[in-house]
Amino acid sequence: LNLSSGLEVINLLYNAYPEAIVSDEALFRRLIDNSRFVNAMRDFFVEQLRYAAHASNLQFVRTQDENGMLPLHSALLKVAPLGAVKLLVQ
């Protein structure tokens, strides 16, 4: 299994069950801090944790930025993974 395939598998699992990153946030943070993840995987986890933190803040999710966009709109513009979008619309 090469790196790109591994990242694809992680992305598929995250898209299927994004709540896992919320329910086990401490575990994911420890994995990031104590692992030898290559940059692409570490960056993926850090970005998804950021989406999860935003999604858990209802005020943030409902607040428009200076361009009138919600965090969901920004995520869609950044082509965020489906899991991140799912968290933002819950």
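Residue positions are given per chain, counting from 1 as you read along its sequence in written order. Thresholds applied to this predicted model are a pLDDT of at least 70 for local features of residues and 80 or more for the giving and counting of side-chain atom pairs; totals over whole chains, interfaces and linings are not thresholded and use all residues. Hydrogen atoms and water are omitted, and side-chain values are computed over all heavy atoms in the structure.

Caption draft 1: Structural view of the side chain of N15. Segments assigned H or I by DSSP are reported as helices when at least four residues long, segments assigned E as strands when at least two residues long, and all are numbered from the N terminus. With respect to the helices and strands, the residue N15 is situated in helix α1 (residues 3-16). Whether two residues are in contact is decided by their heavy atoms: any pair within 4.5 Å suffices. With sequence-adjacent residues up to four places away left out, N15 is seen in contact with P81, L82, G83 and K86.

Caption draft 2: A look at the pattern of salt bridges. Between Lys or Arg on one side and Asp or Glu on the other, a salt bridge is scored when a side-chain nitrogen of the former is within 4 Å of a carboxyl oxygen of the latter. Under the defined criterion, the tally for this structure stands at one salt bridge. Close ionic contact of R50 with E47 constitutes a salt bridge, the shortest N to O distance being 2.2 Å. Linking R50 with E47, this pair stays in helix α4 (residues 39-55), spanning three residues, or about one helical turn. Exposure classes here rest on a 1.4 Å probe applied to the protein chains alone. A residue is buried below 20% of its type maximum, exposed above 50%, and partly exposed in between. When its relative accessible area of 40% is taken as the criterion, R50 is described as partly exposed.

Caption draft 3: Structural context of the packing of aromatic side chains. Stacked, edge-to-face and tilted are the three classes for Phe, Tyr and Trp ring pairs, Trp counted by its six-membered ring, which pair at centre distances within 6.5 Å; planes under 30 degrees apart are stacked, over 60 edge-to-face, the rest tilted. A full pass over the atoms with the stated rule returns two aromatic pairs. Residues Y14 and F44 carry aromatic rings whose centres are separated by 5.8 Å and whose planes lie at 85° to one another, so their mutual orientation is edge-to-face. Placement of Y14 in helix α1 and of F44 in helix α4 is noted, with a sequence separation of 30 residues between them. Across the pair, F44 and Y14 agree in class, each one buried. A centroid spacing of 5.9 Å and a plane angle of 70° characterise the contact between F44 and F45, whose relative ring orientation is edge-to-face. The two residues F44 and F45 agree in class, both being buried. These aromatic residues form a ring-pair network of at least three members: Y14, F44 and F45.

Caption draft 4: Quick look at the environment of I21. Assignment of secondary structure puts I21 in helix α2 (residues 19-23). I21 sits 27 residues away from Q48 along the chain, and the two C-alpha atoms are 7.7 Å apart. The residues contacting I21, other than those within four sequence positions of it, are Y14, F28, F45, Q48, L49, A52 and L87.

Caption draft 5: Structural detail: the packing of α4 against helix α7 (residues 82-89). Interhelical geometry of α4 versus α7 gives an angle of 10° and a closest axis separation of 8 Å. If you check the angle between α4 and α7, you find them roughly parallel. Contacts from Q48, Y51, A52 and A55 in α4 reach A84, L87 and L88 in α7. Under this scheme, a helix contributes an axis fitted over its contacting stretch, all axes are lines through C-alpha atoms, and angles between N-to-C directions fall in the 0 to 180 degree range. Geometric relationships in this document are graded by angle, where less than 35 degrees denotes roughly parallel, more than 145 denotes roughly antiparallel, 65 to 115 denotes roughly perpendicular, and other angles denote oblique.

Caption draft 6: Focus on the environment of L72. On the secondary structure map, L72 appears in helix α6 (residues 71-77). Sequence-wise, L72 and L88 are 16 residues apart; in three dimensions their C-alpha atoms are separated by 6.0 Å. In this structure L72 touches V85, L88 and V89, once residues within four positions along its chain are discounted.

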